[in-house]
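The residues making up each chain are set out below.
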Amino acid sequence: MGDWLQRPRRSLLFMLLVLVLAGLLVALKMPVALFPDIIFPRIVVSADSGNMPIGQTQVAVTRPLEQALRAVPGVQRIRSTTARGAAEISVQFAWGTDMTSALLQAESAVNRVLPKLPPNTRFSARRMDPTVFPILGLSLTSDRLDPVALRHYAYYDLRPLLLAVHGVAQVDIQGGAQAEYQVIVDPMRLQSYGLSLADVESALANSNIITAVGRLQRHYRLYQILSESPLKNARDIGHTILKTGADGVVDLSDVAQIRPGTVPQWTTVTANGKPAVLVNIKQQLGANTVAIDHAIRGLLRKNVGSIPVGVKISTWYDQSQLITAAASSVRDAIFIGAALAALVLLAFLRNLRMTFIVAIVLPSVLLASVVILYVFHQSFNIMTLGGMAAAVGLVVDDAVVMLEHIMQRISEHPGERVSVLHSALEMSKPLAGSSAATIVIFAPLAFLSGVTGAFFQALAISISAALIISFLVAYLAVPLLADALLTSLDAERAERPGRLLGWTSLHYGQVLEKLLRRPILLVPVLFAFLALGGWSYTQVGSGFMPSMDEGGFVLDYKAAPGTSLAETDRLLGQVQQILAKTPEVASYSRRTGLQLGGGITEANTGDFFIRLKSHRSRNIWQVMQNVRDKINTQVPGLRVETGQLMEDLIGDLTAVPQPIEIKVFGANPRTLEKVAGQVARRIGKVSGVAEVFDGVTIAGDAVDIHVDPVKAALAGMTPGQVTAQLQGLMEGRVVSLIPQGQEMVGVRVRAPHDLWNEIRRLRQLPIVAPDGHYLALGQVARIQIKAGQAELQAENLKPMVAVTARIEGRAMSTVMGEVEARLAHLSLPQGVYLQYGGLYREQQKAMHELALVLLAAILLVAVLLLFLYERFTIVLSILATALLALGSVFIGLWITGTQRNITAMIGITMIVGIVTETAIFFFAEAQNSDVAELVRAGRTRLRPVLMTAIIAILALMPLALGLGAGAEMQAPLAIAIISGLLAELPLVLVVMPGIYAALEGFSRRMARSSAEKS
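Just so you know, these numbers come straight off a predicted model, no measurement behind them.

Colleague: Can you lay out the overall build of the protein for me, pointing to particular residues and giving the numbers?
Modeller: Across its full length, the protein carries 31 helices and 31 strands. With the C-alpha coordinates of the protein rotated into their principal frame, the extents come out at 130 × 80 × 55 Å. For the protein, with 1014 residues in total, the buried portion stands at 54%. In the protein, of all internal contacts separated by at least 6 residues, the share reaching a separation of at least 24 is 80%. For the protein, the accessible surface area stands at approximately 44,200 Å², while carbon and sulfur atoms represent 57% of it. Treating the 87 positive side-chain charges of the protein as one cloud and the 76 negative ones as another, the clouds have centres 2 Å apart.

Colleague: Lay out the sheet that holds strand S24 (residues 733–740) in plain terms, naming residues and giving numbers.
Modeller: The four strands are arranged S12-S7-S25-S24 in an open sheet whose pairing can be described as mixed. Unpaired on one side and paired on the other, strand S12 (256–262) and S24 mark the two borders of the sheet. Taking the axes of each pair of neighbouring strands and ignoring which way they run, one obtains an average angle of 25 degrees across the sheet. Of the pairings in the sheet, the one linking strand S7 (residues 179–185) to S12 comprises seven bridges and is antiparallel in character.

Colleague: Can you tell me about the pattern of salt bridges, naming the residues and giving the values?
Modeller: For the structure on display, the rule yields 22 salt bridges. A salt bridge links Glu-513 to Arg-517, with the nearest nitrogen and oxygen atoms 3.3 Å apart. Residue Glu-513 and its partner Arg-517 are both found in helix H17 (residues 499–517); the two are separated by four residues, about one turn of the helix. Given a relative accessible area of 56%, Arg-517 falls into the exposed group. Residues Glu-641 and Arg-639 are paired through a salt bridge, measuring 3.1 Å at the closest nitrogen-oxygen approach. What you see here is one network of salt bridges that share partners, running through Arg-79, Glu-661, Lys-663 and Glu-795.

Colleague: An account of H17 is requested, with residue identities and associated values reported.
Modeller: Its 19 residues give H17 an end-to-end C-alpha distance of 27 Å, which sits within 8% of 27 Å, the value for a rise of 1.5 Å per residue. Burial in H17 covers these residues: Leu-501, Ser-505, Tyr-508, Gly-509, Leu-512, Leu-515 and Leu-516. Along H17, the residues classed as buried sweep out an arc of 135 degrees about the axis, all on the same side. Across from the buried face of H17, at angles greater than 90 degrees, the exposed residues are Arg-499, Trp-503, Lys-514 and Arg-517.

Colleague: Lay out the side chain of Thr-592 with the relevant residues and their values.
Modeller: As for its position among the elements, Thr-592 is in strand S18 (residues 585–592). According to the relative accessible area criterion, Thr-592 is buried, its value standing at 0%. Of note is the side chain of Thr-592, whose polar atom sits 2.6 Å from the side chain of Tyr-557. Within the local environment of Thr-592, its side chain forms a polar contact with the side chain of Arg-590, the two groups lying 2.5 Å apart. Among residues more than four places away in sequence, those in contact with Thr-592 are Trp-266, Thr-267, Thr-268, Tyr-557, Leu-565, Thr-568, Asp-569, Leu-572, Ala-603, Thr-605 and Gly-606.

Colleague: Account for helix H9 (residues 289–302), with residues named and values stated.
Modeller: Each full turn of the α-helix corresponds to 3.6 residues, which orients residues three or four apart in the same direction. Given a rise of 1.5 Å per residue, 14 residues ought to cover 20 Å, and the 20 Å separating the end C-alpha atoms of H9 matches this to within 8%. Taken together, the buried positions of H9 are occupied by Thr-289, Val-290, Ile-292, Asp-293, Ile-296 and Leu-300. Projected down its long axis, H9 carries its buried residues within an arc of 160 degrees, all on one side. Residues of H9 that are exposed and point over 90 degrees away from its buried face: His-294, Arg-301 and Lys-302. The N-terminus of H9 is capped by Asn-288, whose side-chain oxygen sits 3.2 Å from the backbone nitrogen of Val-290.

Colleague: Before we move on, could you go through the environment of Leu-579 and cite the residues and values that matter?
Modeller: Relative to the helices and strands, Leu-579 resides in helix H19 (residues 565–581). You can call Leu-579 buried: its relative accessible area is 1%.

Colleague: Residues and numbers for the sheet that holds strand S17 (residues 552–559), please.
Modeller: Read from one edge to the other, the open sheet built from six strands follows the order S14-S13-S18-S19-S17-S20, with strand pairing classed as antiparallel. Of all the strands in the sheet, the pair left with one neighbour each is strand S14 (274–275) and strand S20 (638–643). Two strands pair when backbone bridges link them, and strand S13 (residues 268–271) and S14 are joined in this way by two bridges, in the antiparallel orientation. By the bridge assignment for S14, Thr-270 is matched with Pro-275. Packed on one face of the sheet, H19 meets S13, S17, S18, strand S19 (605–612) and S20 and runs near 170 degrees to S18.

Here is what the cut-offs are and how they apply
- Residues numbered from 1 in each chain as written.
- Predicted model: local features only at pLDDT ≥ 70, side-chain atom pairs only at ≥ 80, totals over all residues.
- Heavy atoms only, no water.
- Helix = DSSP H or I, 4+ residues; strand = E, 2+ residues; numbered from the N terminus.
- Buried < 20%, exposed > 50% of the residue type's maximum accessible area, 1.4 Å probe, protein only.
- Contact = heavy atoms within 4.5 Å.
- Areas by Shrake-Rupley, 256 points an atom, 1.4 Å probe, with all protein chains shown as cover.
- Lys, Arg positive; Asp, Glu negative; His and termini not counted.
- Charge placed at Lys NZ, Arg CZ, Asp CG, Glu CD.
- Pairing = 2+ DSSP bridges.
- Axes fitted to C-alpha atoms, helices over the stretch in contact; angles between N-to-C directions.
- Salt bridge = Lys/Arg side-chain N within 4 Å of Asp/Glu carboxyl O.
- Expected span 1.5 Å × (residues − 1).
- Arc of directions from axis to C-beta.
- Polar contact = N/O pair within 3.5 Å; in protein donor to acceptor, adjacent residues only side chain to side chain.

Laid out in structure tokens, this is it:
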């Protein structure tokens, strides 16, 4: 092998150089995102059938759609919400489902049942993925342009520019107003001319004509024959002829007022307290978020001259800032770790050439591993970059171990020419085994499902890629570099320990020898260690995803049921004053009657997005709590919830937005609402539970017009004809469209609002009978105010009410333990039962799967060790050491107050591989179980173990301290690994040899006993 390496040494080094250059090139092209690309297995179907009562909507719309969608192959769970005339159905599939095919099948199922639904029912179906939320939000405000002109500029001028940017999938415009012409008809004047509203609508529709009626061919020319009499403006509309006769002509202006207006809407959009138009930019799945942001900002700078005077474009949300800051934080952690590694190496080895070799190896390995990430269609995100940062210590370990071994072999033969490459060959088996021990622990991660699997498979790929490249570089490149750069003098200096290290090595050898001769001394130490680790495990609470300061948060609000848009605006004005006085707030945008992520929304609900300043004295959780407390105190008419956008995004995509969700199932909606109220009151008393919602959403009050069929028949009408006239008079109908510039402006015909803006006037609203006479609405209908009804929810077609809440300041497992205890004694009516959902259910599932991953990783490591050594004594001593190291992780989590979340669990799993890797190198030195040999092996491995552990700890320290944006996501992982590494030193160097010696002694005694019996 050494001779083989010697011959193509130049080509091998050149090949590795090409791989590094390829990694550098690929790194410049890799997409940059916050999280890995995740295909969420969820589809949302929204249906709109007008304004039917909620109960009727559920029977006529929701149930048929639920039954149709339940038959789609692969559906695991269906959840629905029914409001007045609207239904939203969430369809959950298994992770890994082809969601493009699933979406087509869901649309097909809805289309099959659509003819059976109420007339004019419309539906939409959309896949839920990270692109449903904007990556960049712009707000347009102006003191000069009216809302119509501002929206026109945003939609017809700015939107096409943004859609042309590579990677942009969709640009949504919210706010502003759309122009239309309004024809305000006077019913009394219509009656005096013997006309009806239908006559006006028909005349307008037939007066705005542009139609091709044929073609004419003459000589060498072909002509298209058009019949056109288009309406162009309000004057043309007013001159529309309604009636002619002996008395003259009646045109529209005789019976109606024609004026410019805006399309009726029940929403409000503001930015920093001013009316605004919001431009929400969404990216294609897998696109480069940072590149899109840079392209859009460059485009806006280039086209600044085309922006209308007085229009101010501001940013209300920019995901790329968080991505860039998070990527920079992890990048800085890698650089800091590399610099500290170089200093530690220099301090231990006191050799610039060896330090230079490791300094070359580390960035080369990381760059080359980018090629593997590219092949697996990964992006630069928090998980992949965090994996690279976690791999720094492991990469350095491989290089240091190889260099240490080479220097040791050279120093053993002073004055002789030693083949460096043959010396390196001796380390091939332990080096391959140690790398494989760390890589195999990630193999079970491939079987993780849900958000956990999607996130941490990217982390596993990142670390595995670095370890594979690290092995190849340590096995091929490091020996070649050592052969070219190092001399026997370097080896002698490197192997000559310093005063401190020599003293440490001497005393370590003495302590280890005493323990090996009397292994019983380890028993009380191990017992105390196990007891402390077990106790720490009970004290460490569990959670789900680590919290991360995103620099902004969403504030969802809901006014009392039935609150008007004007009153909601008044209440939100007080909220805006609170935000304006909060020093950490940089800007905010508001939607009323709308939501960032879509969904069923009433005019009394909506959300704020609040962007915070980069430099602030309080963290985001303190700001959120302060804002929420002030709103609850100063604006009692609002119920508010706060959460960060990416946290809400993951929750919305998985259909479990809240940490706590208690689902109350039963047959009677009234009973469910009553029980849900009891559940909400009980869990609200648990410390750490905040923003409790009983799950009952009441739609606003309604004015119920019940047309009496008999009275209507006596007037020569049907209830349907009366309803059609009411719709035309009140809401109005767009009966024609007039082209103006780039848009079509509608012509809406309606009655004056003064005729029906009060109940008493509504009763006098004139209705025209077929024979032409008018009668008041009150003569054929009963009009009364009806209290609002609760929206209906169901899961898998079973009626359900979901009580939700957030958790603050305490671990999820601790809070949920108290919640379950409080609800255990709740007396439930017959047929009613509770189920726990939300992020807690996802966390329980993730923790169960990660525990299985840990068990599988230990078993795989055991198989690998047996393959390497074929001795159970070695395998058991290594596994016992790795399991003991797990106890230290829980001690570290307890001391730092870190939750045992899914990130920490990955760190716990990695410790098994890291400890196993170090142990393999120890046994590569130990030739047998004699005390003198184990002491010699321990003293030989002391320096590299100390070096690699210190380097890995220092490399992970920036992440463990949570320095920089996004570092909080990796902090539990780093803390878990550092805790394990601190315990690794005494465990591998002292405890493991003792366990091994004891097992070998027991094995020899058993063998002698067996021989004597035979």
